[in-house]
Amino acid sequence: MINRRSLPERVRQVLIAGLVTLVLSAAMILDPLDQFGWLIQSNLATKAPSGEIVYVGVDQDIEDPDQPEYRRNLARLVTRLDQAGAEAVYLNLLFEQASDDPGADRTLNKALKDFGDNAYITVRKGPDFSGDTITFRSTGAITEGLQQVAAEDRYSYLGITWSMPFASSSQGKVLPALAAAMAGTEGELGRTFPVSYIFDFTKIPSFRSTGLLEKSEGEMRGAFSGKTVLIGGSWGADDQITKVPGKQDVASSFTFIAAAETLKADLSNNFGPWTGFVLTFFLLLLLVSVRLDPKDRHIGYGVLMVLLVGLFTFATHAGSRVSVSTSVFVLLIYAGTRLRVKWQRKYALEDQLTKLPTFRALECDLTEMESHFPLVVAEIHGFQAVLQALPPARHKDYILRLVERLSLGEEGKIIYANDGRHFAWLSSDTEVESIREHLEGLRSLFSQPLLLDGTKLDVGVTFGVEISENPSASVRIATAMNAVEKTSEAHEFVIFDGTETTPDDLWDLSLRARIDSALENGEIFVVYQPQMSIADGRLVGLEALVRWNDPVKGLISPAYFVEQCEKAGRMDHLTRHVLDKAVEDAAYLASIGVDIRMSVNISATLLNGDGVIAMAQEAVAKHNVAANRICLELTETARIPNLDRTSLLLERLSSLGFRLSLDDFGVGEANIENLYRLPFDEMKIDKLFTRDLTNQKNRAILQSLVTLGRDACIDVVAEGIEDRKTLEFLNEIGCPVGQGYYLSYPLPLQKIVEYHAFAQTKSQKHS
Ligand code: C2E
Ligand code: MG
Ligand code: MG
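Residues numbered from 1 in each chain as written. Chains lettered and ligands numbered in written order. Predicted model: local features only at pLDDT ≥ 70, side-chain atom pairs only at ≥ 80, totals over all residues. Heavy atoms only, no water.

**Q** Looking at this structure, how should I read the sheet that holds strand 15 (residues 416-418)?
**A** Note on sheets: strands pair through backbone hydrogen bonds, and any given pair is parallel or antiparallel. Pairing is mixed across the open sheet formed by 5 strands, whose spatial order is 15-16-14-19-20. Of all the strands in the sheet, just strand 15 and strand 20 (494-497) have a single pairing partner and so form its edges. The average angle at which neighbouring strand axes cross in this sheet is 20°, direction not considered. With 5 bridges joining them, strand 14 (residues 375-381) and strand 16 (residues 422-426) adopt antiparallel strand pairing. Residue Val377 lies in a different strand from strand 16, and its bridge partner there is Ala424. Its contacts with the sheet place helix 13 (residues 359-368) against strand 14, strand 15 and strand 16, and it is angled at close to 135° to strand 15. (Pairing = 2+ DSSP bridges. Helix = DSSP H or I, 4+ residues; strand = E, 2+ residues; numbered from the N terminus. Axes fitted to C-alpha atoms, helices over the stretch in contact; angles between N-to-C directions. Contact = heavy atoms within 4.5 Å.)

**Q** How do you make sense of the site of ligand 1 when you look at a structure like this?
**A** Around ligand 1 lies a shell of 22 residues, among which Gln529, Asp663, Lys687, Glu722 and Tyr741 are the nearest. Measuring from a nitrogen atom of ligand 1, one finds a side-chain N or O atom of Gln529 at 2.9 Å. Residue Glu719 places a side-chain N or O atom 3.1 Å away from an oxygen atom belonging to ligand 1. Here ligand 1, which alone exposes 790 Å², has 86% of that area covered by the protein. Grouping the constituent residues of the shell around ligand 1 by class yields 8 nonpolar, 6 polar and 8 charged. (Near = heavy atom within 4 Å. Polar contact = N/O pair within 3.5 Å; in protein donor to acceptor, adjacent residues only side chain to side chain. Areas by Shrake-Rupley, 256 points an atom, 1.4 Å probe, with all protein chains shown as cover. Nonpolar A, V, L, I, M, F, W, Y, C, P; charged D, E, K, R; others polar.)

**Q** In this structure, what is going on with helix 25 (residues 696-711)? I would like to understand it.
**A** Owing to its 3.6 residues per turn, the α-helix brings residues three or four apart onto one side. The end-to-end C-alpha distance of helix 25 is 22 Å, a good match for the 22 Å that 16 residues give at a rise of 1.5 Å each. Among the residues of helix 25, Asn698, Leu702, Leu705, Val706 and Gly709 are the ones counted as buried. When helix 25 is viewed along its axis, its buried side chains cluster within an angular range of 95° and face the same direction. In helix 25, those exposed residues whose orientation departs by more than 90 degrees from the buried face are Gln696, Lys697 and Asp711. For helix 25, the elements touching its buried residues are strand 26 (659-665), strand 27 (682-685), helix 24 (688-691), strand 28 (715-718) and helix 26 (724-732). (Expected span 1.5 Å × (residues − 1). Buried < 20%, exposed > 50% of the residue type's maximum accessible area, 1.4 Å probe, protein only. Arc of directions from axis to C-beta.)

**Q** Can you walk me through the packing of helix 10 (residues 275-289) against helix 12 (residues 325-349) in this structure?
**A** What describes two packed helices is the angle between their axes and the distance between those same axes. Direction vectors running N to C along helix 10 and helix 12 enclose 30°, while the axes themselves pass 7 Å from each other. Judged by the angle between their axes, helix 10 and helix 12 are roughly parallel. Where helix 10 abuts helix 12, its residues Gly276, Phe277, Thr280, Leu284 and Val288 lie against Thr326, Ser327, Val330, Leu331 and Tyr334. The residue inventory of the contact of helix 10 with helix 12, partitioned by class, reads 6 nonpolar, 4 polar and no charged. (Parallel < 35°, antiparallel > 145°, perpendicular 65-115°, else oblique.)

**Q** For this particular structure, what's the right way to read the coordination of the magnesium ion (ligand 2)?
**A** Any two of four tetrahedral donors ideally make an angle of 109.5 degrees at the metal, while pairs among six octahedral donors ideally make 90 or 180 degrees. Taken together, the protein donors to the magnesium ion (ligand 2) comprise Glu543 (OE), Asn601 (OD1), Glu633 (OE) and Asp663 (OD), at separations of 2.1 to 2.2 Å. Read in sequence order, the donor residues for the magnesium ion (ligand 2) give the motif E-x57-N-x31-E-x29-D. Between the magnesium ion (ligand 2) and the magnesium ion (ligand 3), both coordinated by Asp663, there is a metal-metal distance of 4.1 Å. Of the two residues, Glu543 is situated in strand 22 (residues 539-550) and Asn601 in strand 24 (residues 597-603); the sequence distance between them amounts to 58 residues. Judged by relative accessible area, Glu543 falls into the buried class, the value being 3%. With relative accessibility at 22%, the residue Asn601 sits in the partly exposed group. (Donors = N, O, S within 2.8 Å, 3.2 Å for Na, K, Ca; no water.)

**Q** Explain the coordination of the magnesium ion (ligand 3) here, please?
**A** Donor atoms from the polypeptide that coordinate the magnesium ion (ligand 3) comprise Asp663 (OD), Asp664 (OD), Glu719 (OE) and Glu719 (OE), at 2.0 to 2.4 Å from the metal. Counting residues between consecutive donors of the magnesium ion (ligand 3) along the chain gives the motif D-D-x54-E.

**Q** Help me understand the pattern of salt bridges, please; the structure alone is not making it clear to me.
**A** Think of it this way: side chains of opposite charge can pair up when their charged atoms draw near. Counting across every chain of the model gives 29 salt bridges. When the shortest N-O distance is used, the salt bridge between Glu217 and Arg80 registers 3.9 Å. Placement of the pair is Glu217 in helix 8 (residues 217-224) and Arg80 in helix 3 (residues 68-83), with a sequence separation of 137 residues. According to the relative accessible area criterion, Glu217 is partly exposed, its value standing at 46%. Looking at Arg80, the relative accessible area reads 14%, which means it is buried. (Salt bridge = Lys/Arg side-chain N within 4 Å of Asp/Glu carboxyl O.)

**Q** Even after reading the chapter, I still don't get the packing of helix 13 against helix 17 (residues 473-485), so can you show me in this structure?
**A** Taken N-terminus to C-terminus, the directions of helix 13 and helix 17 make an angle of 130°; their axes are 8 Å apart at the nearest point. Classed by the angle they form, the pair helix 13 and helix 17 counts as oblique. Along this stretch, helix 13 crosses helix 17, giving a crossing that reads as right-handed. Residue-level contacts link Phe359, Leu362, Glu363, Leu366 and Thr367 of helix 13 to Ala473, Ser474, Arg476, Ile477 and Met481 of helix 17. (Left-handed = near helix turned anticlockwise from the far one by under 90°.)

Next comes the structure, spelled out in structure tokens:
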């Protein structure tokens, strides 16, 4: 198998182009193209025929059984040819019916026999109405005792016979083919040879039968002595007409003469269908495998084309056919893939909204650039809030106004954009102090609100500057991005970083870039951890926990990627996704009789706007679930932006019916003040307090937390129950609900359904 990663892109594309061509060729889809190539070849070169094969066309409708006189005339003609010293005579005419006058047939048969060993009559093979090959033969009265040869046409879809057999079978016998016999060549049954049409047909000696009987002995000798004579139907007889390259209607016998001339001139050795392909494929492969400048590679492509045209011309003049289709297709498919890649790159290099170059373009530019300038990344603070406030049609103007501000003092510099809130450029200053001064100026400019449609928009800006000597473009960008992430508007508005970024930093950055696609393609999904009534082991709730199964790194912990998601400004997106899925699954569980409450984690960082309210309302409305079945677990409460505002927001959620839980209670900022000031219905005692219950102090703390909840009329859920002893102790102290690996690991929805069905049958048995 081809390993995608180990092969350079171009080599992979050539291999794929080759493979697709082989498949197309095997499916005969490329045949028509080859035939057009052959048509061109046939018209480009001409060759004089040997002149040893002479054609005699019979004007009269010689096959008509009512005209015995015609057959007698033919017999006379054969005799005259014999007298003139003709070498061989081939009668390519069909007398399916015996003549009304049997004497006429006998005369013809005798004349042919008298001619000697070299008189032949054809058996014609061709398609009938349904396309099957059938054999037409003349009446026994004429053929009796004569040698037979097969005249077999193999029309292509263009109506041209491109190849002919050396022999044919008829009535269990192998007959030499007409063309091969005239050329004096033999070949086994089943073998074919390509027919060349480069012969100048006007130079093939041809006569009409009518005039020949009047010719003098001398004239006949001059024309026929030592010649092979093919007697065929007239130019006008319908069933005897065929097409050859460059000519519409010629007597079908000419195809056989062309075929015989091909064999005589030894032109049958064509280059084979694969010569062009092998040449093109391997030269192309060579071209893309060696390290070349783009310019040199293009010259290489040109040389390859010239070589192919050269091969084509050479083969044409040598009278040998080449198959162009495979060469053309390998090149076409390869060129098509390259164009597509180029187009995709261009697409990735330009921001679709603003047409600004992207960070991907920055990476390319940095790679190609020879001189080394400090790289500045600016982060716009409050960007998302402004975008939310503005109608989408104004987003572009807004971003361009920001760019305008960032360019002040250095007009004309290229500014690269990423996800809207990060911009980058290369500083022409190289001194740290003068860069700082310049950025200081920009910052004070940003402290003035931006006016758009009469609305004042307040944004802040901080900067990360990369000043290392690192040659890798992606490392440089990652370093600047990391630096800007550590800045703060209040304390440190610019950070210079000359140290190198670790592969982990790069990985973080790439993770951030992939969040959206991971959500779309199901790499990010939700599992559910049961919450049980401690007294009786009933399933009372589920906590939705998000998972990311990355194709490269495997399962990534939410503790880690939730942070990356936030850095990428995609928390809204992730939360909406989890909320929607969890509520949808809650609706499904309710529909099959699983009566539980669904808990969803909400990061406190989302509490700075009304977004969460709309999000939660949308989810319950969409799936038709009562809000009181959904519990919002507030995590990361250390980051509650403003307790008063948050209190109002939570009150609204509460009044809409949602239950609110204070997650990780007892650690960090998930403290009594929060419990006191915010309207929680539930507290989740952090796993820290259930971890080690071997000493009295820990047990006392846990007990008092449970008591606190109970006395405050708040539901209590204990997290992190890992063993039976912990569960028993919680039961003793009256903790109502518990969650932990001892009870169940987080599970996919299907397992929860199975678990519920199992628990139900068990309880039915007991009752
Ligand atoms: P959490 O909300 O406190 O979730 C409980 C975590 O404890 C889960 O880890 C769960 O798998 C783990 N856990 C459950 N039982 C036990 C146990 O017996 N022992 C131990 N040691 N651990 C147990 P997980 O799934 O890795 O999640 C970690 C944190 O990530 C969550 O802590 C939550 O803060 C956050 N998170 C998970 N999903 C989401 C989400 O959709 N949105 C947000 N904002 N945060 C989420
Ligand atoms: Mg939680
Ligand atoms: Mg917790």
